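Below are the chains, spelled out letter by letter.
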Amino acid sequence: MTPGQAVRTVLRYASLSLLLAFFALPLLWLAFAPFDRAPQIAVSLPEFTLDNFRDLLDNENALRSLRNSLLLAAGTGAVVVTLSALAAYALSRVRLPGRDALLYALLLLSSIVTGTAAMVPLFNLAYELDLIDSQLGVILVLSGGLLPSAIFILKDFTDATPRSYEESARVFGASPLQIMRHIVVPVIRPGLATIGVWAVAQVWGNFLIPFLLLRSPDKSPAAVVMYTFYTEGGQPDLALISTFSLLYSLPVVLMFLLVSSRYGFRFHGGIKR
Amino acid sequence: MAAIHLSGLTKDYPGGVRALDGIDLTVADGEFFALLGPSGCGKTTLLRTVAGLEEATGGAVRIGGDDVTRTPPGRRDVAMVFQDYALFPHMTVADNIAYPLRIRKVPAARRRDKAAETARELGLGDHLARRPGQLSGGQQQRVALARAMACHPSAFLFDEPLSNLDARLRLEARTFLKRLQRDLRVTTVFVTHDQAEALALADRIAVLEAGRVRQTGTPTEIFRRPANTFVASFIGSTPMNLLPGTVERGGGHVTVGGVPLPAGPARAALTGGEEVVYGIRPEYLTFSGTPGPGGGALPGTVTVVENMGSTQLVTLEGPAGTVQVVVPEDTPAEPGGAGYAVPRSDRVLLYREGQLVG
């Protein structure tokens, strides 16, 4: 190795290390700060304690917010998976004029529905429908925003399911709902799992919609409640925030691991025979 | 078990495509019946219309005497085996076979017994717990057959049952299928584009072209006496030679490329001077390097010699056009040499305006 090559190699690894540190430091903070007696905004080796967790478990507000998050995420996940499966199956099997245009238009508009641009109309709509301060309202709005992408991804799975499966079942006398339950759903299960996890993760991390539509603190999800963790002195309560963040991120990580090991994530259809 | 009657069956697709054009067919009880034709002739549409997966635009389908033209597929009491077998990939072999019984709400224990029994009959007894993806092509086909058998339908419908198997397995499966149908004696209709498969398997064949039946008959009838030039050129592993000719005065001979050839069995129905097509299969021509003493030989130059194992296919170019002859393996034939083909007079077929004479 010539000196020039050696310098280049050193430089390359040095810049890669910097880049890595940039992404790793926040995660390190998340791993260390909850166990630190006096957490700072900087990463430091913790003075080990579990007191922060004990404090958190005594904090009724924090635990309730996690339950609320769970309710919103599970509700939205269920609505999105059920409706997108039915819609994707219908769209892939029924010839409809302008079907693809419809799908692309929905996909385009969906990013607006749950985005900042639609904040005011969304609020008005929820107000008129008496869905302000209702968790059902949040579930419906979030589902509406997620459905187009979910249908789009799932349609690829239903398209890739050979029609002969369904026709075969039809000749044996199966009804459309039986075909859906016995054949289509099991065959596209990896797609359903992907959509479910994705929907749950989207809701889990969503701040804007519940912040906008929910009034009472006892209905707010974790993402909103975390925003209120200040000490009496008006300083961010780093011990509480870091501990809560760790607890808040764990369910999503566990869900990803579980689903990924059981089904594997796939964003395209296709039958492994 | 049941006979299948089709009368005036018509299927129009939106956009004006007529897939079936007034099909009249009767499949007798217990018969093994082939629908044969080139791609796009409507044979699969016909099978799907019998199954109920396509709705007929006109005409009627009767199965076992009942008019089922407007009956949904599940209530026609037929079982269909699809070209790709359509085995459910997430179910075990046993669950696949038992699926029709599950739809009929047969108790789980009875379903299991029936699936195991059917699987055993087809030599699948050891594979009940496997998934279709873990089986070979031939085994998958037998699972599809077992699933069709498990519900004891009054008719089987097979869509290209052998086309997904490789060549060697196909012969084995063909024999297996024929024996199975013999044993079960269930009315069976199958679709194929392979004339050899139809000849080998079927009790009777319907040859289709462009949504119409061009000929129905036993394999022997179809092979010996194709009713028109379409069937003549479609049936046979090497296509029949169809050469333009003129009937000589007296009707005993037909002049093809300047050579008078025997007119064969149809001579009584001919009138002198009319234009006909002279049909003779390559297997019924005798090849020699010399004209021979008797005359009546089509002359030509050998252009291609194709080795087919125990025989050779020799292509001659002569005044009559292109003539193909099947010759024994040890006959000397070299491209560029002269050759003469003598027809076997009792196998000559004559076509007037595309239809068989006599």
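That block above? That's the structure.
In what follows, the accompanying structure is described. Remember, predicted model here, so these are calculated numbers, not experimental data.

Helix and strand counts for chain B come out as 8 helices and 21 strands. Expressed along its principal axes, the backbone C-alpha trace of chain B runs to roughly 80 × 45 × 35 Å. Residues counted as buried form 51% of the 358 residues belonging to chain B. Once local pairs closer than 6 in sequence are excluded, the contacts in chain B between residues at least 24 apart make up 65%. For chain B, the computed accessible surface area is about 15400 Å², with 49% contributed by carbon and sulfur atoms. Taking the average place of the 38 positive charges on the side chains of chain B and the average place of its 37 negative ones, the gap between the two points comes to 7 Å.

Now for the interface of chain A and chain B. Taken together, the contact pairs 19 residues of chain A with 26 residues of chain B. Carbon and sulfur atoms supply 63% of the area that chain A and chain B bury against each other, a total of about 1900 Å² over both sides. For B:R48, the salt bridge identified is with A:E167, shortest N-O distance 2.7 Å. The interface formed by chain A and chain B contains 7 residue pairs in polar contact (both at pLDDT 80 or more). Going through the elements one at a time, α7 (163-171) and α8 (176-187) of chain A are the ones with two or more residues in the side of chain A that touches chain B. Residue contributions to the side of chain A that touches chain B peak at 7 residues, all from α7(A). Looking at the side of chain A that touches chain B residue by residue, the class counts come to 10 nonpolar, 5 polar and 4 charged.

We now examine the pairing of strand β12 (residues 253-256) of chain B. Residues and elements named next belong to chain B. Going residue by residue along β12, you find V254 and V256 tucked away on one face and H253 and T255 left uncovered on the opposite face. Alignment of strand β11 (residues 241-247) against β12, held across 2 bridges, turns out to be antiparallel. Residue V247 lies in a different strand from β12, and its bridge partner there is V254. As consecutive antiparallel partners, β11 and β12 are separated by 5 residues, and within that stretch G250 has a phi angle of approximately 95 degrees, a positive value. Sheet topology places β12 next to strand β13 (residues 259-262); 4 bridges connect them, and they run antiparallel. Paired with V254 across the bridge in β13 is L261.

As a further point, take the pattern of salt bridges. This structure, assessed with the given rule, holds 20 salt bridges over all chains. Notably, a salt bridge pairs B:E55 with B:R70, separated by 3.6 Å at the nearest N-O pair. With B:E55 in the loop between α1 (43-51) and β4 (58-63) and B:R70 in the loop between β5 (66-67) and β6 (78-81), this pair connects stretches of sequence that are 15 residues apart. Comparing B:E55 with B:R70, the two get one shared label, exposed. When the shortest N-O distance is used, the salt bridge between B:D203 and B:R182 registers 3.1 Å. Of this pair, B:D203 sits in the loop between α6 (195-201) and β9 (204-209) while B:R182 sits in helix α5 (residues 167-184), and the two are 21 residues apart along the sequence. Under the relative-accessibility criterion, B:R182 is labelled partly exposed at 37%. Three or more residues are tied together by salt bridges with common partners; here these are A:E167, B:K11, B:R48 and B:E54.

Turning our attention to the packing of aromatic side chains. Think of a pair of aromatic rings as described by two things: how far the centres are apart, and how the planes are tilted against each other in angle. Considering all chains together, one arrives at 15 aromatic pairs over all chains under this definition. Ring centres of A:Y104 and A:F152 lie 5.4 Å apart, and the angle between their planes is 65 degrees; on these two criteria the pair is classed as edge-to-face. Of this pair, A:Y104 sits in helix α4 (residues 99-113) while A:F152 is found in helix α6 (residues 135-159), placing the two residues 48 residues apart along the sequence. With a relative accessible area of 52%, A:Y104 lands in the exposed category. Both rings, one in B:F32 and one in B:F190, keep their centres 5.1 Å apart while their planes meet at 55 degrees; by these two values the pair is tilted.

Thresholds applied
Numbers given to residues run from 1 along each chain, matching the order in which its sequence is written. Written order determines the labels here, with chains lettered from A and ligands numbered from 1. Per-residue local features are limited, in this predicted model, to residues with pLDDT of at least 70; the limit for side-chain atom pairs, both in listing and counting, is 80 or more; totals at the level of whole chains, interfaces and linings are taken over all residues. Only heavy atoms go into the side-chain values, all of them from the structure, while hydrogens and water stay out. Secondary structure follows DSSP: runs of H or I at least 4 residues long count as helices, runs of E at least 2 residues long count as strands, and numbering of each begins at the N terminus. Burial status follows relative accessibility: with a 1.4 Å probe on protein chains alone, a residue under 20% of its type maximum counts as buried, one over 50% as exposed, and anything between as partly exposed. In this description, contact between two residues means that some pair of their heavy atoms is separated by no more than 4.5 Å. The method behind every accessible area is Shrake-Rupley, applied with a 1.4 Å probe, and residues are considered shielded solely by the protein chains displayed. Residues scored as charged are limited to Lys and Arg (positive) and Asp and Glu (negative), so that His and the chain ends carry no count. A charged residue contributes its charge at one atom only: NZ of Lys, CZ of Arg, CG of Asp or CD of Glu. When two components associate, each loses some accessible surface as probed by a 1.4 Å sphere; the sum of these losses over both components is called the buried area. The term salt bridge refers to a pairing of a side-chain nitrogen on Lys or Arg with a carboxyl oxygen on Asp or Glu at a separation within 4 Å. A 3.5 Å cut-off defines polar contacts: any pair of N or O atoms within that distance qualifies, except that in protein one atom must be a possible hydrogen donor and the other a possible acceptor, and neighbouring residues in sequence count only when both atoms are side-chain atoms. Under the scheme applied here, ten amino acids are nonpolar (Ala, Val, Leu, Ile, Met, Phe, Trp, Tyr, Cys and Pro), four are charged (Asp, Glu, Lys and Arg), and all others, including Gly, are polar. For two strands to count as paired, DSSP must find a minimum of two bridges between them. Two rings from Phe, Tyr or Trp (for Trp, the six-membered ring) form a pair when their centres sit within 6.5 Å of each other. Planes less than 30 degrees apart are called stacked, planes more than 60 degrees apart edge-to-face, and all others tilted.

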